[in-house]
Amino acid sequence: AQTVTQSQPEMSVQEAETVTLSCTYDTSENNYYLFWYKQPPSRQMILVIRQEAYKQQNATENRFSVNFQKAAKSFSLKISDSQLGDTAMYFCAFNNAGNMLTFGGGTRLMVKP
Amino acid sequence: EAGVAQSPRYKIIEKRQSVAFWCNPISGHATLYWYQQILGQGPKLLIQFQNNGVVDDSQLPKDRFSAERLKGVDSTLKIQPAKLEDSAVYLCASSSQSGRAFDEQFFGPGTRLTVL
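Values in this document were obtained by computation on a predicted structure and should not be read as measured data.

Visitor: Residue-level account of the overall build of chain A, with values.
Guide: Within chain A one finds 0 helices and 12 strands. Listing every helix and strand of chain A by position from the N terminus yields β-β-β-β-β-β-β-β-β-β-β-β. The C-alpha atoms of chain A give 14 Å as radius of gyration, which agrees with the globular expectation for 113 residues (13 Å, within 12%). Taken along the three principal axes of its C-alpha coordinates, chain A extends 40 × 30 × 20 Å. When burial is assessed residue by residue, chain A has 51% of its 113 residues classed as buried. Looking at chain A, you have 10 positive and 9 negative side-chain charges, and the mean spots of the two groups are 2 Å apart.

Visitor: So what about the pattern of salt bridges? Which residues, and what values?
Guide: Residue and element names in this part refer to chain A. Taken as a whole, this structure holds 5 salt bridges over all chains when the rule is applied. The residue Lys 55 makes a salt bridge to Glu 52 at a minimum N-O spacing of 3.2 Å. A relative accessible area of 42% places Lys 55 in the partly exposed class. What makes Glu 52 buried here is its relative accessible area of 12%.

Visitor: Pulling in residues and values, what's your account of the sheet that holds strand E8 (residues 75–79) of chain B?
Guide: Residues and elements named next belong to chain B. Spatially, E1-E3-E8-E7 is the arrangement adopted by the 4 strands of the open sheet, whose pairing is antiparallel. This sheet does not close on itself; its edge strands, each paired only once, are strand E1 (5–7) and strand E7 (65–68). Looking at each pair of strands side by side, their axes are set apart by 15° on average, direction ignored. One ladder, built from 3 bridges, connects E1 with strand E3 (residues 19–24); its direction is antiparallel. Counted as the bridge partner of Ala 5 is Asn 24 from E3.

Visitor: Any details on the environment of Val4(A)? Residues and values, ideally.
Guide: Residue and element names in this part refer to chain A. Residue position: Val 4 is located in strand E1 (residues 3–5). Separated by 29 residues in the primary sequence, Val 4 and Tyr 33 place their C-alpha atoms 12 Å from one another. Leave out the neighbours within four places in its chain, and Val 4 touches Cys 23, Thr 24, Tyr 25, Cys 92, Phe 94, Thr 102, Phe 103 and Gly 104.

Visitor: Any chance you could break down the environment of Gly110(B) for me, citing the residues and the numbers?
Guide: Residues and elements named next belong to chain B. Looking at where Gly 110 falls in the secondary structure, it is placed in the loop between strand E10 (106–107) and strand E11 (111–115). On the basis of relative accessibility, which here comes to 3%, the residue Gly 110 falls in the buried class. Expressed as a C-alpha distance, the spacing of Gly 110 and Phe 21, which sit 89 residues apart in the sequence, is 9.5 Å. Gly 110 has contacts with Gln 6, Pro 8, Arg 9, Val 89, Tyr 90 and Leu 91, leaving out every residue within four places of it along the chain.

Rules behind the numbers
- Residues numbered from 1 in each chain as written.
- Chains lettered and ligands numbered in written order.
- Predicted model: local features only at pLDDT ≥ 70, side-chain atom pairs only at ≥ 80, totals over all residues.
- Heavy atoms only, no water.
- Helix = DSSP H or I, 4+ residues; strand = E, 2+ residues; numbered from the N terminus.
- Rg over C-alpha atoms; globule rule 2.2 N^0.38 Å.
- Buried < 20%, exposed > 50% of the residue type's maximum accessible area, 1.4 Å probe, protein only.
- Lys, Arg positive; Asp, Glu negative; His and termini not counted.
- Charge placed at Lys NZ, Arg CZ, Asp CG, Glu CD.
- Salt bridge = Lys/Arg side-chain N within 4 Å of Asp/Glu carboxyl O.
- Pairing = 2+ DSSP bridges.
- Axes fitted to C-alpha atoms, helices over the stretch in contact; angles between N-to-C directions.
- Contact = heavy atoms within 4.5 Å.

Keep in mind that these numbers describe shape and distance, not what the molecule does.
If you want it as structure tokens, here you go:
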């Protein structure tokens, strides 16, 4: 069974600064997919960024980028130029072909003005 | 386009009562998911539908939970009888393709269930 671990229950960052959220996972599969989802307070969960394991290049989406270390089974999310609207729960998630999406326990991020 | 709709948004029931949740996915989305999110935890998949067929229900407590997706569109999730530990937010999500692992899932606002 796959497991996803987010070791930082809560983090805070000053507006306009950079923050990195950690995620590690455990799997024996070689082909899989990794995601970061954002759940703002009282709002729907939305996809932030995703990465295919067979791609060595790290994914980027505007201010969001990942550091994917396949050998270390690590998938961290970097948020640059943090904005107040980035305040949310962030969930790392794992999926391999034909299997279910497994979420980590989440990291609560607070962006301070 | 309209997002994933869920109702009710909140429900409070006594233990051993029954409850049902409804989900309307994004139009044209073939794959529908139900998740249980206990406070302070990440969502856990309960069941995945592809059109009106079940793809994965390995984590659904089948002695008390049931789900259906008639005509491959709307879906209902039922709990009968409810237990205290069923208190959680129940999230519905849908995706546009054939449930491929890389597909983005679009989530609804959830139904917050409190069992007293």
